[in-house]
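# Close look at the chain arrangement
Each chain, written out:
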Amino acid sequence: MIDPTRGAGIALLVPFRDDHAIGRGANWAWLKRYWEIELPSAQIVVGTYEGTPFSKTRAVNDAYRKAVDQFDVIVMIDADCYISPTVILNCAEAIREARRWHEPLWFVPYRFLFRLTAEATDHLVASDPAAALQFPTPPQPWDVGSTLGSGIGHRYGALIQIFPREAFEFIGGCDARFSGWGAEDVCLVRALDTMYGVHQTTNNEVLTLWHTAIGDVYLRKWAGQEQTGANNALGVHYRQARRDPARMRAVITEWLDNPKYREHRISPMPPWYEERKADEA
C-alpha cells in the first residue's frame, strides 16, 4: 500500500491543451489518475493558455500561480510523459538534501527518451493506473517509434524537469514570449543552468505517449501556428546568453519589463530584478 504522504511538498505543473488531437485527452486522463495514485500528497496542477497558438510557458506559469498548497519542489511535466514516480521522489529527496548544504541542484531526470507507438499507448491507458503497464529499459522495438535522438533528449529538457521552487522563482518563471511549439524547454534549461546551477541527469528512461500532432518530431506546430520554428530567434538569445549570468539576466528582463506579458508573470519576482527596479526608481 502506498504511503498517503508520498509526494508531499511536490507540485506537478502540467501545461495542457487538448486541441482535439486524437489521444491527447485520453492520455492525460489516465496519467492524471496514475499520478494521483502514485504521489497521493503531491499537488497536480494543470496550467492553461487559451490564446492561439498555445504557449507552454504561459501555461506553466499559470499552473504555478494556481498551486495553493505548500510545496518546495516543482516537477514541470508534460501531459504525455510517463516516468517512474521513484525517479521523481529520488530527485526531490536529493534536491532537499542539497538545499540543506546550500548547494544548487536540479534535474532533467532521464538519459533515454522513447516514443511509444499508438498500439503501445493504447495498451498502457487500458491498464489499471493502480497496476500500470511497465516497459523494460529499453522498451521492446515494436513498442516504440523512431529512436532517433533517444539518447540526447535530455539535453533539450524535453518532457520533464525537476527543480527547487526557489530556482524557478529566481529566473522569474518561464519566459512568456514563447508562442507555438519549440525551443522553450531548452531555453529554460539554459536559464537555470546559467542563473542557478548546472543540471544533473538520472540513469533511466522516460516515455512519451502517442497522440496525433501537426508535423514531425522536430518540425512540429500547435494548432493555429503559421510556421515551424516560430521561437528560433528567441532561442538564439538564450543560447548566446548561456554561461553568462549578466547577459541572461538581460534576456529575462526583456520579457519581465514588457507590459504585454505582465499577466503571465509569477510572484514573487526575482530579487535581482527587484533590486534593479529599485535602483532605477
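Every residue gets a number counted from 1 within its own chain, in the order that chain's sequence is written. Owing to the predicted nature of the model, reporting of local features is limited to residues with pLDDT of at least 70; listing and counting of side-chain atom pairs is limited to 80 or more, with chain, interface and lining totals taken over all residues. Computation of side-chain values: all heavy atoms of the structure, hydrogens and water removed.

## Here's the deal with the overall build of the protein
Quick reminder of the rule: Going along the chain from the N terminus, every DSSP run of H or I of four or more residues is numbered as a helix, and every run of E of two or more is numbered as a strand. What the globule rule says is 2.2 Å times the number of residues to the power 0.38, and the radius of gyration is computed from C-alpha atoms. For every residue, the accessible area obtained with a 1.4 Å probe (protein chains only) is divided by the maximum for its type, and the residue is called buried under 20%, exposed over 50%, and partly exposed between those limits. What makes two residues a contact is simply this: any of their non-hydrogen atoms within 4.5 Å. Only the protein chains shown count as cover for residues, and the accessible areas themselves come from Shrake-Rupley with a 1.4 Å probe. The positive count covers Lys and Arg only, the negative count covers Asp and Glu only, and His and the chain ends enter neither. Lys charges are placed at NZ, Arg charges at CZ, Asp charges at CG and Glu charges at CD.
A tally of regular secondary structure across the protein gives nine helices and eleven strands. Against the compact-globule benchmark of 19 Å for 281 residues, the protein has a radius of gyration of 18 Å, which places it among compact chains. Projecting the C-alpha coordinates of the protein onto the three principal axes gives extents of approximately 60 × 45 × 30 Å. Considering the protein as a whole, with its 281 residues, one finds that 51% of them fall into the buried category. Within the protein, contacts between residues at least 6 apart in sequence are counted, and of these 81% link residues at least 24 apart. Per element, the accessible surface of the protein, about 13,200 Å² overall, is 52% carbon and sulfur. Of the side chains in the protein, 30 bear a positive and 35 a negative charge, and the two mean positions are spaced by 5 Å.

## Observations regarding the environment of L89
Within the secondary structure layout, L89 lies in helix 3 (residues 85-100). Between the alpha carbons of L89 and I171 there is a distance of 24 Å; along the sequence they are 82 residues apart. The contact partners of L89, leaving out residues within four places of it in the chain, are R6, G7, I10 and L39.

## A short note on the pairing of strand 1 (residues 10-15)
How we decide: By the convention used here, strands pair only if DSSP detects at least 2 bridges between them. Whether a crossover is right-handed depends on one test, that the path from the first strand over the helix to the second runs clockwise when the strands point away from the viewer.
Most of strand 1 sits out of view: six of its six residues are buried. Of the two faces of strand 1, both are covered, the one formed by I10, L12 and V14 as well as the one formed by A11, L13 and P15. Bridge count between strand 1 and strand 3 (residues 73-77): four bridges; the pairing is parallel. Looking at strand 3, one finds that L12 is bridged to V75. The sheet contact formed by strand 1 and strand 2 (residues 43-47) spans five bridges and is parallel. When the bridges of strand 2 are listed, L12 appears paired with I44. Crossover handedness for the path strand 1 to helix 1 (residues 24-38) to strand 2: right-handed.

## Here we look at helix 8 (residues 245-257)
This is how the line gets drawn: Here, expected helix span is obtained from the residue count minus one, scaled by 1.5 Å.
For helix 8, which comprises 13 residues, the first-to-last C-alpha distance of 18 Å matches the rise-based estimate of 18 Å (1.5 Å per residue) to within 8%. Those residues of helix 8 not exposed but buried are M248, V251, I252, T253, W255 and L256. On its buried face, helix 8 sits against helix 2 (56-66), helix 6 (184-195), helix 7 (232-241) and helix 9 (271-280).

## Focus: the side chain of K56
As a reminder of what qualifies: N or O atoms within 3.5 Å of each other form a polar contact, as long as, within protein, one can give a hydrogen and the other can take it, and as long as residues adjacent in sequence are counted only when both atoms are side-chain atoms.
Here K56 lies in helix 2. At 2.8 Å, the side chain of K56 and the side chain of D78 are in polar contact. Among residues more than four places away in sequence, those in contact with K56 are P15, M76, D78, E184 and D185.

## A few points about the state of the cysteines
How we decide: Our working definition of a disulfide is a cysteine sulfur pair at a distance within 2.5 Å.
Counted under the stated rule, the structure contains zero disulfides. Left without a disulfide partner, C81 is nearest to the cysteine sulfur of C91, which lies 12 Å away. Judged by relative accessible area, which is 2%, C91 ranks as buried.

## A short note on the packing of aromatic side chains
Two measures describe an aromatic ring pair: the distance that separates the ring centres and the angle between the ring planes. The criterion, for reference: Any two rings among Phe, Tyr and Trp, with Trp reduced to its six-membered ring, count as a pair given centres within 6.5 Å; such a pair is stacked if its planes are under 30 degrees apart, edge-to-face if over 60, and tilted if neither. Sitting over a ring, as applied to charges here, requires NZ of Lys or CZ of Arg to be within 6 Å of the ring centre and within 35 degrees of the ring normal.
Counting across every chain of the model gives eleven aromatic pairs. Each ring, one from F16 and one from W28, has its centre 6.4 Å from the other, and the planes form 40 degrees; the classification is tilted. You can see F16 sitting in the loop between strand 1 and helix 1 and its partner W28 sitting in helix 1, a full twelve residues away along the chain. Centre to centre, the rings of W106 and F163 are 6.3 Å apart; their planes meet at 65 degrees, and the pair counts as edge-to-face. Taken as a pair, W106 in the loop between helix 3 and strand 5 (107-108) and F163 in strand 7 (residues 160-164) lie far apart in primary sequence, 57 residues in all. Here W106 and F163 have matching classes, each one buried. Among the aromatic side chains, those forming a connected cluster through ring pairs are Y64, F71, W106, F163 and F168. Here the basic side chain of R165 rests over the ring of F71, its NZ or CZ set 4.1 Å away from the ring centre.

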